[in-house]
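# Reading the structure
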Amino acid sequence: MATVELRFSAQPEHVRTARLVAAAVARRAGVDEAVLDEVRLAVGEACSRAVGLHRSSGITAPVRVLLTEEEKQFSIEVGDEAPRSVPGEQSSDAPGGSDDLEAEGEDDMGLAVISGLVDDVEVTADASGGLIRMTWPTTPAALPS
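Residues numbered from 1 in each chain as written. Predicted model: local features only at pLDDT ≥ 70, side-chain atom pairs only at ≥ 80, totals over all residues. Heavy atoms only, no water.

Attention now moves to the pairing of strand 4 (residues 120-126). Within a regular strand, side chains alternate between the sheet's two faces. With 7 bridges joining them, strand 4 and strand 5 (residues 129-137) adopt antiparallel strand pairing. Within strand 5, the residue paired with Asp 120 across the bridge is Thr 135. Hairpin connection from strand 4 to strand 5: 2 residues lie between these consecutive antiparallel strands. (Pairing = 2+ DSSP bridges. Helix = DSSP H or I, 4+ residues; strand = E, 2+ residues; numbered from the N terminus.)

Within the element layout of this structure, Ser 75 appears in strand 3 (residues 73-80). Residue class for Ser 75 comes out buried when judged on its relative accessible area of 2%. A distance of 3.3 Å separates the side chain of Ser 75 from the side chain of Arg 133, its partner in a polar contact. (Buried < 20%, exposed > 50% of the residue type's maximum accessible area, 1.4 Å probe, protein only. Polar contact = N/O pair within 3.5 Å; in protein donor to acceptor, adjacent residues only side chain to side chain.)

All right, on to helix 2 (residues 36-57) then. In this model, helix 2 (22 residues) spans 31 Å end to end at C-alpha, consistent with the 32 Å of a helix rising 1.5 Å per residue. The set of residues buried in helix 2 consists of Leu 36, Val 39, Ala 42, Val 43, Gly 44, Ala 46, Cys 47, Arg 49, Ala 50, Val 51, Leu 53 and His 54. Just downstream of helix 2 lies Gly 58, where phi reads positive at about 70°. (Expected span 1.5 Å × (residues − 1).)

What follows deals with the packing of helix 1 (residues 15-29) against helix 2. Geometrically, a packed helix pair is captured by the angle between its two axes and the distance between the axes. For the pair helix 1 and helix 2, interaxial distance at closest approach is 8 Å and the crossing angle is 145°. Helix 1 and helix 2 meet at a crossing whose hand is right-handed. Here Val 15, Ala 18, Arg 19, Ala 22, Ala 23, Ala 26 and Arg 27 of helix 1 come into contact with helix 2, specifically with Leu 36, Val 39, Arg 40, Val 43, Gly 44, Cys 47, Ser 48 and Val 51. Split into classes, the residues belonging to the contact of helix 1 with helix 2 amount to 10 nonpolar, 2 polar and 3 charged. (Axes fitted to C-alpha atoms, helices over the stretch in contact; angles between N-to-C directions. Left-handed = near helix turned anticlockwise from the far one by under 90°. Contact = heavy atoms within 4.5 Å. Nonpolar A, V, L, I, M, F, W, Y, C, P; charged D, E, K, R; others polar.)

A few words now on helix 1. The end-to-end C-alpha distance of helix 1 is 21 Å, a good match for the 21 Å that 15 residues give at a rise of 1.5 Å each. Looking at the buried side of helix 1, the elements it contacts are strand 1 (2-8), helix 2, strand 2 (63-69) and strand 3. Following helix 1 by one or two positions, Gly 30 has its phi on the positive side, about 105°.

Here it is in structure tokens:
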């Protein structure tokens, strides 16, 4: 199992680099050429979401991207350190104003875009941050004749 780890400061200009790296590693891992645009777009959306969460929460930790090549699949994990409240639990310092609702709507839209691009996607979040795991099938490299 080959893994590439990318960490970048939560700046929007770094998202493009993450997209390019993800597409290059996906191509090398054997992801179908026809799907590479979807990989690029999904990674861009997930990284933009993580950057936005870090910036809105004042988090200085880097955004994490893990690109993993396994036997018959390629996966990308985009992690952030923006804490999420547990359902049913209200934070005492969260105002719950219109800015929070707007950010939540953008977050939901980003997840909808990712779900539309990736067949196998898993989203988890808790008090220590969130993780989006996306997986694509790979085709084995053809042996030279």
